Amino acid sequence: MGPDDARAGRLPGKMGWPPMPPIRLDHIAIAMPRIADASAALVEVLGGAPEGSQPSGTFRWATWTFAGGGAIEILEPLGPDGFLHRFLAGHGPGVHHVTFKVPSLDEASRRAEARGYDVVGRDDSDSSWKEAFLHPKQALGIVVQLVESSAAPPADRPVTAPPGLPAPPAPVRILGLRMRAHSAERALAQWRDVLHGDAGRTADGALVFRWTDSPMRIVVDVDPTAVEGPLAIELASERAVASLEIAGARLGIRFTQRSA
């Protein structure tokens, strides 16, 4: 049985094997000079709930969650050098990567390599968080992080929550990330063939990819002449969300409100 014979979560039940868990679009990560500068946008405007924060080598991460389970992670650089310093110097604040939880990093890496992607930065040193990356030059202008993780991190790993508000507004629902690709074939190869997203079309004709276990999606506009990469984070809310332009300017990515 080849890798395409077993879509995530739909493995045959031979010999009583349990089905593999599905691939999950876990979070959208944004790079900023300081995590503290994100709170006004993520909490005061979008109503996000702080989930956790922790240093990790040359950077620190902090995560906020939203209605329905969508998550945004903010990354800030630590120390005098590192990949985030280089990213911010070249691009300024903005979307850095999307993270997918995969049942097998080996299988996901093989699928990517079979379709011409170079899998870089692989690190199996932490059994609870094995990771590898697809480079943005090949991956439609965005870093794609592939993670095979255990159910929970080790108990001795402290996590400090980022700041919140005593009475934040109602949280929005993060629908997902809207991107641009040069062709439908490139988008389908990455999000459907490598990452096993279910492909469809939105009402405005864009490609849309959904994952069974994820509250978020990826929408792709096709334009062969424009630069590939992230365009906007799409959200939905029953309340009127003010200051979206200000929030987007602070985080380096446009926010657009759509129907769920």
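This text follows the structure it describes.
Residues numbered from 1 in each chain as written. Predicted model: local features only at pLDDT ≥ 70, side-chain atom pairs only at ≥ 80, totals over all residues. Heavy atoms only, no water.

## Looking at the overall build of the chain
Our working rule: Where helices and strands are cited, they refer to DSSP runs of H or I of at least four residues and of E of at least two residues respectively, numbered from the N terminus. Accessibility here uses a 1.4 Å probe with only protein chains present; expressed as a share of the type maximum, an area under 20% marks a residue as buried, one over 50% as exposed, and anything in between as partly exposed. We call two residues in contact whenever any of their non-hydrogen atoms come within 4.5 Å of each other. For accessible areas, the Shrake-Rupley method is used with a probe of radius 1.4 Å. Any residue's cover is judged against the shown protein chains and nothing else.
Check the secondary structure of the chain and you find 5 helices and 14 strands. Looking at the chain as a whole, 45% of its 260 residues are labelled buried. Here the analysis covers contacts within the chain between residues at least 6 apart in sequence; of these, 62% occur between residues at least 24 apart. Summed over all atoms, the accessible surface of the chain reaches about 12500 Å², with 53% contributed by carbon and sulfur.

## Structural notes on the nonpolar core
Side chains of a nonpolar character, in soluble globular proteins, are inclined to be buried together. Going by this rule: Among buried residues, the Ala, Val, Leu, Ile, Met, Phe, Trp, Tyr and Cys ones that are joined through side-chain atoms within 4.5 Å form a nonpolar core.
Ranked by internal contacts, the top residues of the largest apolar core, which has 57 residues, are Leu46, Ile74, Phe100, Val144, Trp191, Leu251 and Phe255. In contact with Val144, other than residues within four places in its own chain, are Val98, Phe100, Ala132, Phe133, Leu134, Ala139, Gln190, Trp191 and Leu195. Core analysis: the second largest hydrophobic core is formed by 7 residues, Ala29, Phe59, Phe87 and Leu88 among them.

## Section: the environment of Met216
Mapped onto the secondary structure, Met216 falls in the loop between strand 11 (207–210) and strand 12 (217–222). By relative accessible area, which is 2% here, Met216 ends up buried. Setting aside anything within four residues of it in sequence, one finds Met216 in contact with Leu25, Asp26, His27, Ile28, Gly70, Ala71, Ile174, Leu175, Gly176 and Trp211.

## Overview of the sheet that holds strand 13 (residues 229–236)
Note the cut-off: We call two strands paired when DSSP finds no fewer than two bridges between them. Axis lines are fitted through C-alpha atoms, for helices just across the contact stretch, and the angle between N-to-C directions can take any value from 0 to 180 degrees.
If you walk across this open sheet you meet the 6 strands as 10-11-12-9-13-14, and the pairing is mixed. With partners counted over all chains shown, the strands left at the sheet margins are strand 10 (198–201) and strand 14 (254–257), one partner each. Ignoring which end each strand starts from, the neighbouring axes of this sheet average 30° apart. Note that strand 10 and strand 11 share 4 bridges and pair antiparallel. From the neighbouring strand, Ala199 faces strand 11, where its bridge partner is Phe209. Those strands touched by helix 4 (residues 184–194) are strand 9 (173–181), strand 10, strand 11 and strand 12, and its axis lies near 5° from that of strand 11.

## Re the side chain of Glu228
Test applied: N or O atoms within 3.5 Å of each other form a polar contact, as long as, within protein, one can give a hydrogen and the other can take it, and as long as residues adjacent in sequence are counted only when both atoms are side-chain atoms.
Inspection of the secondary structure assignment puts Glu228 in the loop between strand 12 and strand 13. Given a relative accessible area of 14%, Glu228 falls into the buried group. A polar contact is formed between the side chain of Glu228 and the backbone nitrogen of His182, at a distance of 2.7 Å. Contacts of Glu228, omitting those with residues within four sequence positions, involve Leu140, Gly141, Arg180, Ala181, His182 and Arg186.

## Focus on helix 3 (residues 105–114)
How we decide: Starting at the helix axis, one direction is taken to each C-beta atom, and the arc is that of these directions.
Regarding helix 3, the residues found buried are Leu105, Ala108, Ser109, Arg111 and Ala112. Down the axis of helix 3, the sector holding all buried residues measures 160°, keeping them to one side. Those residues of helix 3 that are exposed and aimed more than 90 degrees away from the buried face are Arg110 and Ala114. Taken together, the buried residues of helix 3 touch strand 6 (119–123), strand 7 (129–134), strand 8 (143–149) and helix 4. At the exit of helix 3 stands Gly116, carrying a positive phi of roughly 95°.

## Remarks on the packing of aromatic side chains
The criterion, for reference: Working definition: rings of Phe, Tyr and Trp (its six-membered ring) pair if their centres are within 6.5 Å, and the pair is stacked with planes under 30 degrees apart, edge-to-face with planes over 60 apart, and tilted otherwise.
This structure, assessed with the given rule, holds 3 aromatic pairs. Ring centres of Phe59 and Phe83 lie 5.5 Å apart, and the angle between their planes is 75°; this geometry places the pair in the edge-to-face category. A residue pair is termed long-range when its members are at least 10 positions apart, and Phe59 in strand 3 (residues 59–65) and Phe83 in helix 2 (residues 83–91) qualify at 24 residues. On the basis of relative accessible area, Phe59 is assigned to the buried category, the value being 17%. Among the residues examined, Phe83 registers a relative accessible area of 30% and is labelled partly exposed. Here the aromatic cluster, defined as three or more aromatic residues joined through ring pairs, consists of Phe100, Trp191 and Trp211.

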